Structures are given as C-alpha cells and as structure tokens.
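# Survey of secondary and tertiary structure
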Amino acid sequence: MTAVASKIGPGTAGEAAEIATYFDRLFPLLRSLTGAGVRQSLDILGELVLLERIEIPSGTKVFDWTVPQEWVVREAYLEGPDGRRVVDMRDNNLHLLNYSTGFRGEVSREELDGHLHSRADMPDVIPYVTSYYKPRWGFCLPHRVREALSAGTYRVMIDADHIDGAMSLGEAVLKGETAEEVLIASDICHPSLGNDELSGPLALAFLYRRIAAWPRRKLTYRFVLHPETIGSIAYLSLRGNHLAAHCVAGFVMSNTGVAAPFRYKRSRRGNSLADRAAESVLGARWPQAHAVSDYAPVGSDERQYCSPGFNLPVGVLSRTPDHYPEYHTSLDDRDFVSFDALSETVDAYEAICRKIDNSVRYRSLSPHCEPQLGPRGLYHTIGRAGPPEAMTQALLWVLNLSDGDHDLEAIAQRSGIGFDLIAEAATAAHKAGLLSESGAMRVPAR
Amino acid sequence: MTAVASKIGPGTAGEAAEIATYFDRLFPLLRSLTGAGVRQSLDILGELVLLERIEIPSGTKVFDWTVPQEWVVREAYLEGPDGRRVVDMRDNNLHLLNYSTGFRGEVSREELDGHLHSRADMPDVIPYVTSYYKPRWGFCLPHRVREALSAGTYRVMIDADHIDGAMSLGEAVLKGETAEEVLIASDICHPSLGNDELSGPLALAFLYRRIAAWPRRKLTYRFVLHPETIGSIAYLSLRGNHLAAHCVAGFVMSNTGVAAPFRYKRSRRGNSLADRAAESVLGARWPQAHAVSDYAPVGSDERQYCSPGFNLPVGVLSRTPDHYPEYHTSLDDRDFVSFDALSETVDAYEAICRKIDNSVRYRSLSPHCEPQLGPRGLYHTIGRAGPPEAMTQALLWVLNLSDGDHDLEAIAQRSGIGFDLIAEAATAAHKAGLLSESGAMRVPAR
Amino acid sequence: MTAVASKIGPGTAGEAAEIATYFDRLFPLLRSLTGAGVRQSLDILGELVLLERIEIPSGTKVFDWTVPQEWVVREAYLEGPDGRRVVDMRDNNLHLLNYSTGFRGEVSREELDGHLHSRADMPDVIPYVTSYYKPRWGFCLPHRVREALSAGTYRVMIDADHIDGAMSLGEAVLKGETAEEVLIASDICHPSLGNDELSGPLALAFLYRRIAAWPRRKLTYRFVLHPETIGSIAYLSLRGNHLAAHCVAGFVMSNTGVAAPFRYKRSRRGNSLADRAAESVLGARWPQAHAVSDYAPVGSDERQYCSPGFNLPVGVLSRTPDHYPEYHTSLDDRDFVSFDALSETVDAYEAICRKIDNSVRYRSLSPHCEPQLGPRGLYHTIGRAGPPEAMTQALLWVLNLSDGDHDLEAIAQRSGIGFDLIAEAATAAHKAGLLSESGAMRVPAR
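Since we're looking at a predicted model, the values are computed, not measured.

### Concerning the interface of chain A and chain B
By a widespread convention, an interface's size corresponds to the accessible area lost as its parts come together. Each partner contributes to the interface: chain A provides 30 residues, whereas chain B provides 23 residues. Interface of chain A and chain B: buried area, both sides summed, is about 2,300 Å²; carbon and sulfur atoms make up 54% of it. Sorting the residues of chain A by area buried against chain B places Asp64, Arg268 and Pro297 of chain A first, and these three jointly supply 25% of that buried surface. For the pair chain A and chain B, the interface holds three salt bridges. A salt bridge links Arg268 of chain A to Asp403 of chain B, with the nearest nitrogen and oxygen atoms 2.8 Å apart. For the interface between chain A and chain B, the tally reads 13 residue pairs in polar contact (both at pLDDT 80 or more).

Structure, rendered in structure tokens:
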C-alpha cells in the first residue's frame, strides 16, 4: 500500500499522468467474463487497491444464472486464400469474437461470412461483439475489409477452450467507524476499450486511494470489480443480504473517462442518500455541467443492484450516455479517453462520498426538550439581543431533526443552512454526547 | 346464451339497433324500488345477461335501512268534475307518484292540489316524483294542465297496495382466471325515463355480452342491477365483505345514453386502478371529449360503494352531469337517447375493462437480480451495440417493477412505454414463468 | 371568577382599557426565572385566570436541565466616585443584570467596566441582559452614560441572594366535553418589558376569560404560564406525556402586543390542526395582514414543545418577528404596546380556538353505506329534481369523510364547502347519533 503513502492531490496533473500509466498497462489485456486477462487486470489494480480475490467456480448457480466456464485463448487469426492473415488477435484483441469457441479448420468464403461481425454503418471500425450464452466462433473486423474478402478457402485458427475453472472478482473494504457502507462497483470484463470500460476500474482504484488517505471515515467503503451482469449477480449472491442491511449508498462507475458533462442516473428509490448527495454535489460544483435522470432498468450493473428483491440505493455517475458512436468499437481507444477528465471524475466521486460520509442519520440522545448547550461549551452563557449565531442555529436544527428520519443532507435542505455548517454542528453535538449514530443509518426494507 | 354467440361487433350500427329494440321493450314498464316492473325488466335483460335473481324480503334490515314493501299497482287515474280523465297512468306511468299509496275517493279541487306535482318552470313536462319513505298518494302532470283544472269534485282512483314481498336484484358473474373482480353496477328502479336510467342497464347488458365473448379473462366480472340507493345498500349487505376483499375496480353506470362528452368521476380513493384505467383510456381515445372530476358524496350508488366503511375503488363513467334540464321529466324519453352513443359508451367501458384486465399486479418470481432472458427466448444472444429493442426494454421494466406494488398501468406510466407493449411483455414473462399473478391484485385495506 | 361574569365583549375598547390596567400593575415587577416577582405576577393574573400554582423545588432535575435557585433581590445600585448614584434598580429594574449574584464593594472604573452592559449601537437604551447559567454580577445602562463615567472608585451595592426555593408556574384548565386539549402557553420571566413579554401573559389571561364564557366547549383548554425555556422544560417534565396523548393543538403566545400584521409560525409537523386552523382564520379575517412561516428551532418555548421526543402540534402566533430594534431594551415599554392591538390578538386566538373546538375528528357510527337521513329529519322525504340543498351536501361530505382521518377543517377543504356549514352539518349528525367524537381526536404518535 505504498501507493497510498505517495498520494498525489486530487485533480492534479500528477494523478492524471499516473492514471495514464495504469491505463497503458491494462488496455492491451484480453478481458472477458472470465480468464487470465481478468486476473492480470486485478493484479495490476491490486497495486493501488488492497484487493481480495474472490474466485467463484464455473457452474456455480447464482440466482437464476450459472457462472460460466473460464475462457482460455492462446491465439486467434484468420488466413485468406492467399495465405495472408486477414485479422490477428495480436493486432487488436477485439478481432476475436469475445468468449468465442475454439475452431481450427478451413471454410469457404461463404461459410466464413456467418462468423464475421462488422458495422456497415461504420465501415472502418472493429466492432466489439460477444457471445457469452450461445457457443459460437467468430471474428470482428472493419466492414471495408470484410467487403474486400475474395472468394476462396480461408483458414481459421482459434486456439481457445472453455474449461471448468472460476470467475474472478476483486473486493476491497476500507473500514470506517460504523458498519454502514458505501458501495462502489465497476466492471472488468471488456478487452481493449477505453471509456467503456477501463475508465471505470481506474476511477475506482484512484477513488479508493483517495478515501484510504482520509484521516477518518465514519462509513465503511466497499469496492468491487466484477464482470458485468453475471459478475454483479454472483457478487450479490454472496453479499446481497449484507448490503441490504448495511448499504446506505452506492454507485456503479462506468463510462467515466471523457471530458463531457456528468450524468447522474438515480437509484430505483429515486430519493436515496446516494441520489441526494450526488445531486447536491453536482449542483454545487458543476451546476452547468451535469444532468440527472430517473432510474430505468437498462444500462449496467444497476439493473442487478436495483432489482426489486434488493432495491439497493445504488445510482450511476458517468460522463457518456449508455450508447454513443464510439461505444463498443475500436474507436473507444486511448485517444477517446481524457485522463484529466478521469481525474475530475474521481474528484466528483470523492466529494460525493465525503458528503455521504458526513450525512449520517443521528438520533438525539436528548429528544425530550432541548439539551443544555451552555455547560457543554456549545452556547454563549449571557443573554443577548439579536438572533443566535449561525453555528447555534445549525446546532438547534440538528438536535431538533435528529429523530432517526432525517440524515444531515435532509437537515441541510429543510433548514436552508449549508451542509458544511450542519455537518460541523452535528460533529460538535456528537462529540458532546448529544447524538448517537450507532445503527442510525440502517436502510429501511422496501 | 345464444346472444353471446350472435355477438355483433362493438360500435356497429347493428349493436345500436339491437339496443333500441331492448329499449323499446323496457321503456313502458312501471319500475320502482320493488315490484312487477322490476322483475319484468330483469326478465328481459336476462335474455342478454345470465342473471341470477336475488330476492330480499320486505322488512329485512340492511345496515341502517329496511327493505321496503313491494308496490303493487293495478291502475291509476284522476277524473275531473266533468268525468273526463285528467291523467291516466296508462298514458305515461310518470303520472303516478312513484311508490304512491292506494287511494279511492272524491276530493275537492283544493284538497287535490296537495297531491299534485308539476314544474312551474317547465309547464309542459310531466315531472318524475317519488315518495319512498313517507306514505303519500299523488299524481304528476304538466303544470299547464294543473293550472287549468277547474273547481269541483275530482275522483281519484289509485288501485295500489304495499305488500310484504321482496325487493329484486339481478346479478351475473363472468368468471376469470383469478378471483380478483371488476364490479359493474347499474340501477333498475326508474319507470319510463330514457337516459336516467334505462341507458345504464342497457349499457351493462351489452357490456356483459362483449366481455362474455372475450377469448380469455384474467379477472372476474361481476354485474349487478339493483334499485338505486336501497338496492346497492342491500347488495353491499350481501357482498360488501366479498367486494372489499376482491374488487380491484368498479363502475356505476348511469346517464350513459346521450351523445355528449364522457364524464368520469373518480372513486373516493382518487387514484385507484379504476381511476387510472378510465382516465388513461379516455385520454387516449377521447382526448377532446371527456372530463374528469374528483369524488363527491352526491350522485348515485357510488355514495354507497364509496362509503367510508367499504371505500371500494368504484368510479362513475357517464355522459351527462347529475342534473340537466330533461332530468327526471318526461323529456328524458326515447328521442333524448342516442343508441349510437349508447353503443359508443359500451366501447369505452369495454376498453377500460380490457385495460384493467391487462393491468394485473404481478410479482416477480425472480426478484433477486434479473432473471436470464436468453435461455427463455426473450433476448438476443449476441452482444450488440445500440440500445435494447423496445420489447426487451418493456420486459426489463416489467421485471423490475413487479414488486407487488405496481400494476401494469403504473409500470406503463413510470416507464413511459405504451401500455400495450408493457402488457405484451408481462404476458411473455408470465408465460415464461417469471411472474406470478396469484392474489397479486388484492386491494389493501384502507 | 367574577371577572368572567363581568365579561366585556371581544375587541371592545373596554377590554383594551382593562388590559391596560393589568399591564400597569404588572409592568414594574422584577420578574426573572424565579422569585417574588414571578409570584406577584401570578397573583395578579390569578384575578382573571383560575391559576393553580406549581412550585418546583430548586435543584430538581428536569430532563437535561436543573431548576435554578430562587433569586432574591432587595436593592441594587451603583454609586460613582462623587457619591452620586449612577444607576438604581428602583428607577428601572432593567438596570440590574437579571439573575445577578449579590455583591457589595468598591471597584475601580476599569474593573467596573467588565460588569457593565450597554449597546454602543443604541446609546440611549438600557439593554435587558441576563446571566442565568454563569454566576456574574453586573449592571445595564445606556451606552452614553457608561461612556461618561469618570475614572475613580465606584461603590457597588447588589443586595441579592440565590437561595434554595422553588420555580413558580401557573396552570389553569377549562374542562370541555372531551379529554382532547388545546394548549396555550406564555412566559412570565421578563421584567419591565412590554411586548416581550407582558403582552403574552395578558393575551393568555383575556383569552382564558373569553373561552371560560363560551356556553360550551367540546375540547379542554389548558393554559400555562412559565418562565421561558427552563419553565416549559419543567412543565413538559410534568405534563409532557399527558400532552403527547391529549394535545390536538397548541400555541405559544409571545410578542402579541403591537399593531402589526399577524405572524404565524407553524408547528414542526407543519400541517397540524393548529396550523390549519390558524392559517384558515388568518386567511379569512386578516387576508392582507398576516404572514406564515415554517417551523424553525429558534424562537421561544416552541423549541421545547416541538422537540423531537414530544413533537407536539404547537405553533406560535405573534405580531413581531423574534427580533426587532426595541427587542430586549428599555424601548419595549408601555408606549411600544397597543392595548387595542392586544385585544385584537385575543380576537384572533379566540377565533382560532373556536375553529379548533369545532374541528373535531368524528367517526361515523354508520360507516357501511349511508345512514338514512329522512327518518332523522335530516333530508327531504320526497324525490325532487335538482341537486341536494347545501346543507344535505355538507351532511353527506361529513358522513363520507368521518373515517377518523379527517377533521372538520380537512373536510371543509376537500369538499370546498365553507367550514361553518360543515360544522353545522357535523353537529346535526352528531346530535342524530350518526357520529361519535369520543377519543376521535387522538393525535397519532410520530
């Protein structure tokens, strides 16, 4: 964990450059739902994040799903009738249909065509295509190249197997003073694509490093890296009940690497602490550069975290829409990503987490009438004309609304007093023994 | 039930003409709270609706009320000093004060006047007047005729009795796949009046025929014909607890027979499935030709169905306000009614019922994370760029919100996806074993 | 209680004049948290209000607080180097730091200065300063006088002690037909200050006299006079649980004596019966001359009554803001107060109490279907065209919404019918045995 010790300030050029070096190491790896590429990626990110590896054996039933076999790929290329390689995974691992079955043999141009994937509307890009749930072999290539393929016999070499092994997840927990948790989740299953999805695990790792460096954390922060969909489902099969009991806010990090306005998609609950904190931070710091939308069950892992049986307070903060021209094509590369923007994304996440960390739901230990402030050094002792000073007002609001229903963000909103002053007052009242925070943030079942 | 077999398409001229033939048979009958006219009416409507007769004995206590005696009327006329008949029930049964006591004898012009009812503001109409709860005899006649009555002795012949018998209700149930029910109620106590109220039982009967012809019904449909107020009270004394447990939506049908914009009056709950479905259908199909108003405890049988002890989700869909110039006068006759409009009313009710039938509240059988769609044939199996297709999106919304709180109408509203696609997705998910609908629509006690 | 018998009509010049005579007797007394001045004040107000004296011994623990010692003051003055008296409590009891410790001795001009209190920004006023929670001695004087004090030796005479005794509260209860209560609280701890606070206890006393003269009271009215903060805290230690169970509305009376627009500050609940009634009365009678603000935990005793452990439905109706130029200075004297305005304040409070008294939350004794109105003389017995008359409509609304959730004020709002007609209908229905009010107003725990 020396990386934590050498922490570079938020939003500095130094952080962006450091992100870039990790990007460059991670980009070329062949990731998929399972396999060596995922494990190598977790190893590299493990330099930044104290990750525990979770290996879930192939064939494990997780809710309605089954953990798939491990994908082992050694090489993959296609040779034309003239013996020249049409495509080779070594040039770009998008060329191989992701999770493709192995195949060696000769096929006619016509038969080959059923195994090729290209985009007629974007003839120069390699599309990213997967076939996780139906065994197929195939190649992805620019439409222009495909169109130019002559008749004849093609030699296919896909040296790949699906073997009984395991699906790999990485998890890290930064313990706080309470058992209430914030969940940060991102995906680790796409091969050489920049914004979707390398920007997610990178933002997660650098956010981890920042939060690890906080002098104190009221809440516990749980970070998880998993393949999309099946990964979050498997993770919920392990941690779903725990999260239902402890998670007070959470975010799916994806598409966070471009210099575009922030996009916040609310949790299914619509008014969870995650939602209020994100909207409040974005409204204050990026008032002209963010948009907010309601939950919809399309997108990424929020579909699992917000499934009705869990209904976790998990939103999504990203910087591109779910779909954009470069999405799932070779155009989503290093040039498409801005490391400064990625670092700014980490700023936003950190600010939101700070707000959440300060937004505990206290319960007054002196709910019947006001407690005495003077003897606790919280009030002037001589009666004066004029309204109570701002700090005293904040204190009175906090004491009055700390009934277990209002978190500090809600108290700030109802009182019209800035969040920071409310949080300061709450800290003072808590230190003075007037507020309890134990178990106070428990999320009611819904 | 051959009528069902010979079903004529909704809104066709054929249906309107068929309604007219029933109207002409029903119009002349002398209906009241009780008696032969009601039974004859139920017999005729029984040709369309498989009605079970419920006979509640006179004197039965129903909540705060008592079932009245049967009214038996043989003839009723008034002879002037010159021996000529001033009014005769045979000309128009509105001439007899409804539920009048019997009386034979001679009275002076002056004494007679206390027993006459007319409308000075509408001197040419016969008003419809009742005296259910105070024994009186009387005649109703045009004010102009009353004014012209000379002095002298008048001979009154009201050959009528009130006898211990029963009050007659008709009930029919179209069973569906679940025990959850939609209630359709209308009144059968007014004599020769067209819009108020013959249009109600006629719309009910033809709606019954349409729903009976549906290839399947998820819900059970309960139709009831009763006299107004005392009839719905007696019916609730029999079925109130059952309805409180099973009724998910209901409507009082009245004043449905004129070519005027639809008027929907919400249930007391204000946001029940009945309300949301009616407003959604009217908004989509008659956007410029409908109005919606909040519940008020004036009007018809909704006063009973929405009394605080039951508070059923019962609204009113009609086409005239509670009061209008022709209301409760001889002007509310065949000419006032439009059979095409009546058939269109049946269209509206059928569309609303269809929407309700499709608006079941499912519960996901796979609430923890998304279920797999691919193996169930509900999802493409190859990863592609671009947003999921519309059907997949609908499916994801349905699965995400099927938590027992949201019915399909609510899911359509929250997702912004059209109801039909949501319903189709739900059907597919249900067929695939992903959703349960058993007992899912139970109305929470309130 | 002869005062009640000699009741003078609301808002009459006679009442204002009578208030003035009490003001003149109460103004000169030296009040503080405890002591003889408080008891003398309670004696005088006891001529108007049948007060029970509650004496709470010094040292008693009340929640987080301790009842302070009694303050006994015999004389207090300051002599200058020339032997002339600089200030003397006999001229104005504001001159003595309130709750000052005793001190006799000679001090230098410099040492003296640490014990002087003045307002540089208002050099001609004597400020009102207290030191309840830290033992200090001191004098208050105009800044101009302080500035002119020459060097030299000053003789201090503060013949005062703090002794173990008791803190005095006064309480009076006007019993009504039910155990549900309205609380009226005011303070009795400020010495010679007119608006803040003598206007409060005076308004309370004259409101008591008015309500005592009502021919009937549905609710019970509880009046309490206590020193600010520690007094309401001590009172809540005695009556808090009782009030939590019975109090349906309450008001802190303070700053009620100037001819300025009314200011209503809502209870913490924000929509309590106190709030709705006050806003409705002020809106109807003083539409251009009132303002409403949300609860905030600054101000007076509402801070205790609305502390989260009690959260009583207690608002504040006053006529000045919490702070104004004359506040806590010798400018807040007889000239600052308007006795006509004070009498108008009593008008407002009485109207609000009347509304609350009439706003009982009934429960229908006939919740299943409508009860019969005719046999109870509440409905015409002959069927007629046209909408039901206004009184019948009001009756139907009251019966429909008397489900234990709606008080009459809420029924008036939902129905759009004027409160008076709703209340009249409810009274008729209650008299007819259709509504129960027993225990109906119980405030739900929150």
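After that view of the structure, there is still more to cover.
### Focus on unusual backbone geometry
A positive phi angle, near 50°, is found at Phe63 of chain A, a position not held by glycine. Looking at where Phe63 of chain A falls in the secondary structure, it is placed in the loop between strand E2 (61–62) and strand E3 (65–66).

### Some points on the interface of chain C and chain B
Taken together, the contacts link 23 residues of chain C with 30 residues of chain B. Roughly 2,400 Å² of surface becomes buried between chain C and chain B when both sides are summed, with 54% attributable to carbon and sulfur atoms. Three residues, Cys369, Glu370 and Asn400 of chain C, lead the burial of chain C against chain B; their summed loss comes to 26% of the area buried on that side. Applying the counting criterion to the chain C and chain B interface returns three salt bridges. Between Glu370 of chain C and Arg303 of chain B there is a salt bridge, with its nearest N and O atoms 2.6 Å apart. For the side of chain C that touches chain B, the leading source of residues is helix H11 (residues 390–401) of chain C, giving six residues. Classifying every residue of the side of chain C that touches chain B by side-chain character gives 11 nonpolar, eight polar and four charged.

### A few points about the relation of the copies chain A and chain B
For the pair chain A and chain B, the superposition axis carries a translation of 0.2 Å, the fit reaches an RMSD of 0.1 Å, and the rotation angle comes to 120°. What the superposition gives is, in effect, a three-fold axis relating one chain to the other.

### Examining the packing of helix H11 (residues 390–401) of chain A against helix H13 (residues 419–431) of chain A
Residue and element names in this part refer to chain A. Relative orientation of the contacting elements H11 and H13 amounts to 70°, with a least axis distance of 8 Å. Regarding the angle of H11 to H13, the classification is roughly perpendicular. When H11 is examined against H13, the residues Ala390, Met391, Ala394, Leu395, Trp397, Val398 and Leu399 are found in contact with a partner set consisting of Leu421, Ile422, Glu424, Ala425, Ala426, Ala428 and Ala429. Here the contact of H11 with H13 is composed, by residue class, of 13 nonpolar, no polar and one charged.

### Structural notes on helix H8 (residues 273–285) of chain A
Residues and elements named next belong to chain A. For H8, with 13 residues, the first-to-last C-alpha span of 18 Å sits near the 18 Å given by 1.5 Å per residue. Listing the buried residues of H8 in full gives Leu273, Ala274, Asp275, Arg276, Ala277, Ala278, Val281 and Leu282. Lining the buried residues of H8 we find strand E13 (247–253), strand E14 (262–265), strand E15 (290–293), strand E16 (314–318), helix H10 (339–358) and helix H12 (408–415).

### So, the pairing of strand E4 (residues 70–79) of chain A
Residues and elements named next belong to chain A. In terms of residue burial, E4 counts as a mostly covered element, since seven of its 10 residues are buried. Two strands pair when backbone bridges link them, and E4 and strand E9 (residues 153–163) are joined in this way by nine bridges, in the antiparallel orientation. Bridged to Val72 within E9 is Asp161. Pairing of E4 with strand E5 (residues 85–88), which is carried by three bridges, proceeds in the antiparallel orientation. Pairing of Glu79 across the sheet is with Arg85, part of E5. Between E4 and E5, which pair antiparallel and follow one another directly, the connecting turn spans five residues, one of which, Gly83, has a positive phi of 85°.

### Considering the environment of Thr178 of chain B
All names here are of chain B. Locating Thr178 in the fold gives a position in the loop between strand E10 (166–174) and strand E11 (181–187). When the C-alpha positions of Thr178 and Ala426 are compared, they lie 16 Å apart, and in sequence the two are 248 residues distant. Each residue touching Thr178, except ones within four places of it in the same chain, is listed here: Lys218, Leu219, Thr220 and Glu437.

### Notes on the packing of aromatic side chains
What the rule picks out here adds up to 51 aromatic pairs over all chains. Note on Trp137 of chain C and Phe139 of chain C: the rings are 6.4 Å apart at their centroids and 75° apart in plane angle, and the pair reads as edge-to-face. You can call Trp137 of chain C buried: its relative accessible area is 8%. Positioned above the aromatic ring of Tyr77 of chain A, the side-chain terminus of Arg85 of chain A is 3.3 Å from the ring centre. Between Arg319 of chain C and the ring centre of Phe262 of chain C, over which it is positioned, the NZ or CZ distance is 4.1 Å.

### What to know about the pattern of salt bridges
Pairs can form between side chains of opposite charge once their charged atoms are near each other. Residue and element names in this part refer to chain B. Here the structure, examined in full by the defined rule, presents 108 salt bridges over all chains. The salt bridge involving Asp159 is made with Arg74; its shortest N-O contact spans 3.1 Å. Taken together, the residues Asp159 in strand E9 (residues 153–163) and Arg74 in strand E4 (residues 70–79) connect sequence positions 85 residues apart. Overall, the relative accessible area of 13% leaves Asp159 in the buried class. Owing to a relative accessible area of 47%, Arg74 belongs among the partly exposed residues under this scheme. The salt bridge partner of Arg85 is Asp88, with a shortest N-O separation of 2.9 Å. Accessibility expressed as a relative area gives 39% for Arg85, which makes it partly exposed. Look at Asp88 and you get buried, because its relative accessible area is 10%.

### Side note on the confidence of the model for chain A
The predicted coordinates ought not to be read in detail in places where the model reports low pLDDT. Residues and elements named next belong to chain A. The predicted model of chain A averages 91 in pLDDT, with 93% of residues at 70 or higher. Confidence drops under a pLDDT of 50 for residues 1–9, and excluding neighbours within four residues, the segment shows 15 contacts in the predicted structure. Contacts of residues 439–446 to residues separated by more than four positions or lying in other chains number 18 contacts, the stretch itself having pLDDT below 50. Interface confidence for the predicted complex, given as ipTM, is 0.83, next to a pTM of 0.75.

### Side note on the environment of Asp335 of chain C
Examined against the element boundaries, Asp335 of chain C turns out to sit in the loop between strand E16 (314–318) and helix H10 (339–358). When the C-alpha positions of Asp335 of chain C and Ser168 of chain C are compared, they lie 29 Å apart, and in sequence the two are 167 residues distant.

### Looking at the sheet that holds strand E5 (residues 85–88) of chain B
Residue and element names in this part refer to chain B. The strand order across the open sheet built from four strands is E5-E4-E9-E6, with neighbouring strands paired in antiparallel fashion. Each end of this open sheet is capped by a strand with a single partner; those strands are E5 and strand E6 (103–108). Across the sheet, the axes of successive neighbouring strands diverge by a mean angle of 20°, strand direction being ignored.

### A look at the sheet that holds strand E9 (residues 153–163) of chain C
Residue and element names in this part refer to chain C. Taken in spatial order, the four strands of this open sheet run E5-E4-E9-E6, and their pairing is antiparallel. If you trace the sheet from one side to the other, it starts and ends with strand E5 (85–88) and strand E6 (103–108), each paired once. Neighbour-to-neighbour, the strand axes of this sheet turn through a mean angle of 20°, independent of strand direction.

### Quick notes on the side chain of Ser131 of chain C
Tracing the sequence through the fold places Ser131 of chain C in the loop between strand E7 (116–117) and strand E8 (139–140). At a separation of 2.6 Å, a polar atom in the side chain of Ser131 of chain C contacts the main-chain carbonyl oxygen of Lys134 of chain C.

### Some remarks on the state of the cysteines
All names here are of chain C. A complete count under the given rule lists zero disulfides over all chains for this structure. Cys247 takes part in no disulfide bond, and the closest cysteine sulfur, belonging to Cys306, lies 9.6 Å away. Here Cys247 falls in the buried class, since its relative accessible area comes to 0%.

### Digging into H12 of chain A
With six of eight residues buried, H12 of chain A is to be regarded as a mostly interior element. Positioned one or two residues after H12 of chain A, Gly416 of chain A has a phi angle of 75°, which is positive.

### Brief notes about the side chain of Ser402 of chain A
All names here are of chain A. With respect to the helices and strands, Ser402 occurs in the loop between H11 and H12. Of note is the side chain of Ser402, whose polar atom sits 2.6 Å from the backbone oxygen of Val398. Apart from the residues within four sequence positions on either side, Ser402 is in contact with Tyr362, Arg363, Ser364, Ile411 and Leu435.

### So, the environment of Phe339 of chain C
All names here are of chain C. Among the structural elements, Phe339 can be located in helix H10. On the basis of relative accessibility, which here comes to 12%, the residue Phe339 falls in the buried class. The spatial distance from the C-alpha of Phe339 to the C-alpha of Ser100 is 32 Å, given a sequence separation of 239 residues.

Each value, and the rule that gives it
- Residues numbered from 1 in each chain as written.
- Chains lettered and ligands numbered in written order.
- Predicted model: local features only at pLDDT ≥ 70, side-chain atom pairs only at ≥ 80, totals over all residues.
- Heavy atoms only, no water.
- Contact = heavy atoms within 4.5 Å.
- Buried area = accessible area lost by both parts, 1.4 Å probe.
- Salt bridge = Lys/Arg side-chain N within 4 Å of Asp/Glu carboxyl O.
- Polar contact = N/O pair within 3.5 Å; in protein donor to acceptor, adjacent residues only side chain to side chain.
- Helix = DSSP H or I, 4+ residues; strand = E, 2+ residues; numbered from the N terminus.
- Nonpolar A, V, L, I, M, F, W, Y, C, P; charged D, E, K, R; others polar.
- Least-squares fit on C-alpha atoms with pLDDT ≥ 70 in both.
- Axes fitted to C-alpha atoms, helices over the stretch in contact; angles between N-to-C directions.
- Parallel < 35°, antiparallel > 145°, perpendicular 65-115°, else oblique.
- Expected span 1.5 Å × (residues − 1).
- Buried < 20%, exposed > 50% of the residue type's maximum accessible area, 1.4 Å probe, protein only.
- Pairing = 2+ DSSP bridges.
- Phe/Tyr/Trp six-rings, centres within 6.5 Å; stacked < 30°, edge-to-face > 60°.
- Lys NZ or Arg CZ within 6 Å of the ring centre and 35° of its normal.
- pLDDT = per-residue confidence, 0-100.
- Disulfide = S-S within 2.5 Å.

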